[in-house]
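Chain by chain, the residues:
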Amino acid sequence: MGTSVTDTVAKAFALALSDQRAVLKRWTGLARGIGTLLPDSLLSASVYQIGTVDVLLRSLEKEREPLVYEQVKSDEEVRREFHYQCILSQNWVCSAYEIFRLLKSRKLVSDNPEFDALAHDLRLLRIPFDKHQIAADGELPGPIEFRSPPSPFHETQYYLYDPNDALRGYDMLLGVAADGSVMWNTVDGTNGETKWLVRSALSDRIIAVFAPHSENGGPGR
């Protein structure tokens, strides 16, 4: 009997959790601490879940890092694995954003410039991911010309992003950071500036911002 998908996924998480024990311990404390801000809810479980996926992604990033410099797999294998990593990374960002949105909208955290800056950066990614538009594009002075993501089958193409067009769409450029993490080039509609945001760096910032709320022990649920 062959290995099942369920067994493979379970083994992948188990291997990652073993490899990233220190990071998992920090997320466990954060989950319990943040969870106390909203008792009788699934907030603690939500924080623990993004922590668990973060641990998995950190292991993927650790394994991908050498490939940036010395490719040992075929181009197709590298593209396929990176595609799966992008799916997990994108979902992780959106889940993390929702936690920050909740904490901010319910006023569960005191004013903190670092928290606000991180929530803003997560939104710069979440809006293109889920709404397929630039965050705060209503504040753009006018249309912006973008280059379409490069393709081996087509010449470089350009498209016009008009914030007043109901059919507007925005496709962020992807990249691989030096540590093997996915990074995205996104636009801030509030000032029209572009910036690269690295998944692993966002994770480190979340852990640092949540650190004052950390408690020992496991997740509340």
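Here is what the cut-offs are and how they apply
- Each chain has its residues counted from 1, running along the sequence as written.
- Restriction of local features to residues with pLDDT of at least 70 applies here, the model being predicted, together with a cutoff of 80 or more for giving and counting side-chain atom pairs; totals for whole chains, interfaces and linings are based on all residues.
- Processing note: side-chain calculations cover all non-hydrogen atoms of the structure and skip hydrogens and water entirely.
- Counting from the N terminus, the helices are the DSSP runs of H or I reaching at least four residues and the strands are the DSSP runs of E reaching at least two.
- Relative accessibility decides the category of a residue: with a 1.4 Å probe and only protein chains considered, values under 20% of the type maximum give buried, values over 50% give exposed, and everything between is partly exposed.
- With residues, only the protein chains shown are counted as cover, and all accessible areas are computed by Shrake-Rupley using a 1.4 Å probe.
- Positive charges are assigned to Lys and Arg, negative charges to Asp and Glu, while His and the chain termini are left out of the count.
- For this purpose, a charge sits on NZ of Lys, CZ of Arg, CG of Asp or CD of Glu.
- Note on pairing: two strands pair once DSSP finds at least 2 bridges between them.
- Angles run from 0 to 180 degrees between N-to-C directions of axes, and those axes are lines fitted to C-alpha atoms, restricted for helices to the stretch in contact.
- When checking whether two residues touch, look at their non-hydrogen atoms; a contact exists if any pair is within 4.5 Å.
- In this scheme, roughly parallel covers angles under 35 degrees and roughly antiparallel covers those over 145, while 65 to 115 is roughly perpendicular and the rest are oblique.
- Here a crossing is called left-handed whenever its near helix is offset anticlockwise from the far helix by less than a right angle, and right-handed whenever the offset is clockwise.
- For this classification, Asp, Glu, Lys and Arg are treated as charged, while Ala, Val, Leu, Ile, Met, Phe, Trp, Tyr, Cys and Pro are nonpolar and the rest, including Gly, are polar.

Student: With reference to specific residues and values, describe the overall build of the protein.
Tutor: Along its length, the protein carries six helices and five strands. For the protein, the succession of helices and strands along the chain, N to C, is α-α-α-α-α-β-β-β-β-β-α. Seen through its principal axes, the protein has C-alpha atoms that stretch 50 × 50 × 30 Å. Counting only residues that meet the buried cut, the protein has 41% of its 221 residues in that class. Looking at the protein as shown, the accessible area adds up to about 12,900 Å², and 52% of this sits on carbon and sulfur atoms. Across the protein, the mean location of the 24 positive side-chain charges is 7 Å away from that of the 30 negative side-chain charges.

Student: Outline the sheet that holds strand β3 (residues 173–176), supporting the account with residue identities and numerical values.
Tutor: Strand pairing in a sheet is mediated by backbone hydrogen bonds. Such pairs are either parallel or antiparallel. Judged by pairing direction, the sheet is antiparallel, and its three strands sit side by side in the order β3-β4-β5 without closing on themselves. Since the sheet does not close on itself, it has two edges, and those belong to β3 and β5 (193–198), each with one partner. Averaged over all neighbouring strand pairs, the angle between strand axes comes to 30°, with direction disregarded. Relative to strand β4 (residues 182–188), β3 runs antiparallel, the two being bridged by four bridges. Residue pairing in the sheet places G175 in a bridge with M183 of β4. Of the strands in this sheet, β3 and β4 touch helix α4 (residues 75–105), which is tilted by about 50° from β4.

Student: For the side chain of R126, give the residues involved together with the corresponding values.
Tutor: As for its position among the elements, R126 is in helix α5 (residues 113–131). What makes R126 buried here is its relative accessible area of 15%. For R126, the contacting residues outside a window of four places in its chain are C94, Y97, E98 and K131.

Student: Account for the packing of helix α3 (residues 43–64) against helix α6 (residues 199–210), naming residues and giving values.
Tutor: As a packed pair, α3 and α6 sit with axes 11 Å apart at the nearest point and diverge in direction by 140°. By the angle between their directions, the pair α3 and α6 is classed as oblique. For the element pair α3 and α6, the recorded crossing hand is left-handed. Together, D54, L57, R58 and E61 of α3 and R199, S200, S203, D204 and I207 of α6 make up the contact between the two elements. Of the residues that constitute the contact of α3 with α6, the class distribution is two nonpolar, two polar and five charged.

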